[in-house]
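Given next are the chains, with one letter for each unit.
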Amino acid sequence: MTTEYPIGPVMLDVAGLTLTAQEKEVINHPNTGAVIFFARNYHDPEQITQLINDIRKARNGQILIAVDQEGGRVQRFQNGFTRLPPACCYADTPERAETAGWLMAAELLAVGVDFSFAPVLDVDCGISQVIGNRSFSTEYMTATALASAFRKGMNAAGMAATGKHFPGHGAVAVDSHLALPVDERDLDSIWAKDLVPFKTLIDEGLEAIMPAHVVYKNVDPNPAGFSRYWIQDILRKELGFKGVVFSDDLSMEGAAFAGDYPERARLAQDAGCDMLLVCNNPAAAEKVLNDLPITSNPQREERLSKMQGKTMMNREQLQNSPKWQQSSRLIQELTANYA
């Protein structure tokens, strides 16, 4: 009898709307733990449901399915899904943020996605274009309250939440997709503002966190996602976080300082990341899968298993429910008003 693989430590992607034979093999690698979708993987709800089913069939064991479905500029699935506004549009209305969190999560769960990388906990400082209106607010207490409400909605639908980008990406202008940003503030300044949403949601039970590819030069020389100080000392010890730590995408230029892809993966894992994202570079993903030792880590596997979605309704049942109809109508009106 073949032993089933647990959730492995690497998240990767697939090229298109269906799986290739090679992708099926890679999905069944012992170190694979998750697949993340992009807009290129989505055509309609029926197609994405089939693709997810095929991914799960290809895996001899557990696997997580993820997507970035924040709303605004970052919503991979659109046709057939309620169009969500950017986070900034919820203003001082936590009820609407909670509704949006529930709606986003319920629609994804209904097609088989386990979780979306949301909410953004970065406080907008009017500097970062890559964050900008993805932040709930320029005021840290408002951002905290709205992100908390959004997570509450996600949880009510059956989805775990991932707060990003720890300890805060909103005060640097450089896009970490393109280069390695450097934040020159001291630790006290970061504690006083940027870390407030993270601390609050951790105290509320936040399930996962994604660190930023940002160097906080007056705190630690390594970017947060490669820093034992940020992940072990601050996140785990001082903040008492017990959930999953996802690396940000190791294909981003903000990770290039660490060397080749296997070295990036080792450094991020040594710093404390439970799962390593390697996106839009299949050859690099395979190098990481093959280079990382295949080891059992029950603590990591237990944390990751809590990211599995709890599907309550299929798509037809969801769309026939009064809650979905009311929520979708409200959020569509909000999106239309924002546009």
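Residues numbered from 1 in each chain as written. Predicted model: local features only at pLDDT ≥ 70, side-chain atom pairs only at ≥ 80, totals over all residues. Heavy atoms only, no water.

A. Quick look at the overall build of the chain. If you tally the helices and strands in the chain, you get 12 helices and 12 strands. Based on the C-alpha atoms only, the size of the chain along its principal axes is roughly 55 × 55 × 30 Å. The 339 residues of the chain split such that 58% are buried. In the chain, of all internal contacts separated by at least 6 residues, the share reaching a separation of at least 24 is 77%. Accessible surface, the chain: about 13600 Å² in total, of which carbon and sulfur atoms supply 50%. Averaged over its 31 positive side-chain charges, the chain has a centre that lies 3 Å from the centre of its 42 negative ones. (Helix = DSSP H or I, 4+ residues; strand = E, 2+ residues; numbered from the N terminus. Buried < 20%, exposed > 50% of the residue type's maximum accessible area, 1.4 Å probe, protein only. Contact = heavy atoms within 4.5 Å. Areas by Shrake-Rupley, 256 points an atom, 1.4 Å probe, with all protein chains shown as cover. Lys, Arg positive; Asp, Glu negative; His and termini not counted. Charge placed at Lys NZ, Arg CZ, Asp CG, Glu CD.)

B. The arrangement of the side chain of His165 in detail. Of note, His165 is situated in strand S7 (residues 162-166). In terms of polar contacts, His165 uses its side chain to reach the side chain of Asp122, at 2.8 Å. Beyond its immediate chain neighbours, meaning those up to four positions away, His165 contacts Asp122, Ile131, Arg134, Phe198, Met210, Pro211, Ala212 and Asp248. (Polar contact = N/O pair within 3.5 Å; in protein donor to acceptor, adjacent residues only side chain to side chain.)

C. Quick peek at the nonpolar core. If you look at the biggest cluster of nonpolar residues, it comprises 108 residues, and the most contacted ones within it are Met11, Phe37 and Phe246. In terms of residue count, helix H3 (residues 94-111) provides more of this core than any other element does, 11 residues in total. With residues up to four places along the chain from it excluded, the contact list for Phe37 reads Val14, Ile48, Leu51, Ile52, Ile55, Ile65, Ala66, Val67, Arg76 and Phe77. (Core = buried A, V, L, I, M, F, W, Y, C linked by side-chain atoms within 4.5 Å.)

D. Expanded view of the pairing of strand S2 (residues 32-37). Of all the 6 residues making up S2, 6 are buried; the element is thus mostly covered by neighbouring parts of the structure. Relative to S2, strand S1 (residues 10-12) is paired through 3 bridges, and the arrangement is parallel. Within S2, the residue paired with Leu12 across the bridge is Val35. On the question of chirality, the crossover connecting S1 to the parallel S2 by way of helix H1 (residues 21-27) is right-handed. Two elements, S2 and strand S3 (residues 64-67), share 4 bridges in a ladder whose sense is parallel. Bridging from a neighbouring strand, Ala34 pairs with Leu64 of S3. In the classification by handedness, the crossover that spans S2, the intervening helix H2 (residues 45-58) and the parallel S3 is right-handed. (Pairing = 2+ DSSP bridges. Right-handed = clockwise from strand over helix to strand, strands pointing away.)

Scope: geometric values only; no functional claims are made or implied.
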